[in-house]
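Topology and contacts: notes
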Amino acid sequence: MPTRFDDGVDKQVEDLRERMRLLQQDRRANIDLLEANKQANENEIRSLKEDNKKLRIRLSNLQKSAVSDADSHLSDVDSLRRLVRQKRNEFDTQKSSSKKLNSKLNKLKSEAVMEDNRPSPEDVELS
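Residues numbered from 1 in each chain as written. Predicted model: local features only at pLDDT ≥ 70, side-chain atom pairs only at ≥ 80, totals over all residues. Heavy atoms only, no water.

1. Considerations on the overall build of the protein chain
- If you tally the helices and strands in the protein chain, you get two helices and zero strands.
- When the 127 residues of the protein chain are sorted by exposure, 17% land in the buried category.
- Residue pairs in contact within the protein chain that sit at least 24 positions apart in sequence constitute 80% of those at least 6 positions apart.
- As presented, the protein chain carries roughly 10000 Å² of accessible surface, and 51% of it is formed by carbon and sulfur atoms. (Helix = DSSP H or I, 4+ residues; strand = E, 2+ residues; numbered from the N terminus. Buried < 20%, exposed > 50% of the residue type's maximum accessible area, 1.4 Å probe, protein only. Contact = heavy atoms within 4.5 Å. Areas by Shrake-Rupley, 256 points an atom, 1.4 Å probe, with all protein chains shown as cover.)

2. Comments concerning a negative patch on the surface
- A cluster of like negative charges, contributed by Asp6, Asp7, Asp10 and Glu14, occupies part of the molecular surface.
- Locating Asp10 in the fold gives a position in helix H1 (residues 4–66).
- Residue Asp10 is classed as partly exposed on the basis of its relative accessible area, which comes to 46%. (Patch = residues over 30% accessible without salt bridge, like charges linked within 9 Å, V, L, I, M, F, W, Y side chains within 5 Å. Salt bridge = Lys/Arg side-chain N within 4 Å of Asp/Glu carboxyl O. Lys, Arg positive; Asp, Glu negative; His and termini not counted. Charge placed at Lys NZ, Arg CZ, Asp CG, Glu CD.)

3. Quick notes on the pattern of salt bridges
- In the structure shown here, the tally under the stated rule is seven salt bridges.
- Where Arg19 meets Asp15, a salt bridge forms, and the shortest distance between an N and an O atom there is 3.2 Å. Placement of both Arg19 and Asp15 in helix H1 is noted, with a separation of four residues, approximately one turn of the helix.
- Accessibility expressed as a relative area gives 51% for Arg19, which makes it exposed.
- Take Asp15: its relative accessible area is 36%, and that puts it in the partly exposed class.
- Between Arg88 and Asp92 there is a salt bridge, and its shortest N-O distance comes to 3.3 Å. In this pair, Arg88 and Asp92 both sit in helix H2 (residues 70–117), four residues apart, roughly one turn of the helix.
- Given the relative accessible area of 37%, Arg88 is considered partly exposed.
- Via salt bridges that share partners, Asp51, Lys87 and Glu90 belong to a single interconnected network.

4. Focus: the side chain of Asn52
- Mapping Asn52 onto the fold places it in helix H1.
- Not counting residues within four places of it along the chain, the set of residues in contact with Asn52 comprises Val84 and Arg88.

5. Description of the side chain of Asn41
- As for its placement among the helices and strands, Asn41 is situated in helix H1.
- According to the relative accessible area criterion, Asn41 is buried, its value standing at 12%.
- Among all residues touching Asn41, those that are not within four sequence positions of it are Gln94, Ser97, Ser98 and Leu101.

6. Side note on a positive patch on the surface
- On the surface, a cluster of positive charge is made up of Arg46, Lys49, Lys95 and Lys99.
- Listed by contribution, the elements that provide at least two residues to the positive patch are H1 and H2.
- Position of Lys95 relative to the elements: it lies in helix H2.

7. What to know about the environment of Asn37
- Looking at the element boundaries, Asn37 is found in helix H1.
- Residues Asn37 and Ser98 lie 61 residues apart in sequence; the distance between their C-alpha atoms is 8.1 Å.

The structure is reproduced here in structure tokens:
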């Protein structure tokens, strides 16, 4: 014959189980979001690297041709150097952001593993 106390405890246990389930879902959603951000950042970094490589090749070609026609190409070389520096700064910013997100992702993954290894409230028998 259950008492009011038992009903209250059962309700609190059920409430705590529901809260834990919601927290686990939030954590998994955050991990998925960080994975997507990480992938987007990696794609952006790859794109910036390709742009940077093309600009460096273009700069190199301009520098080679600038020997014969230095005055006319000097402004192009300078503008390309500025553009290369700008792209490099963008790349460095994206790389830093990616590292931070990767670190946060790894932390969340380790927390999720720890949470999965922790006994669930259903596994713990109430005395």
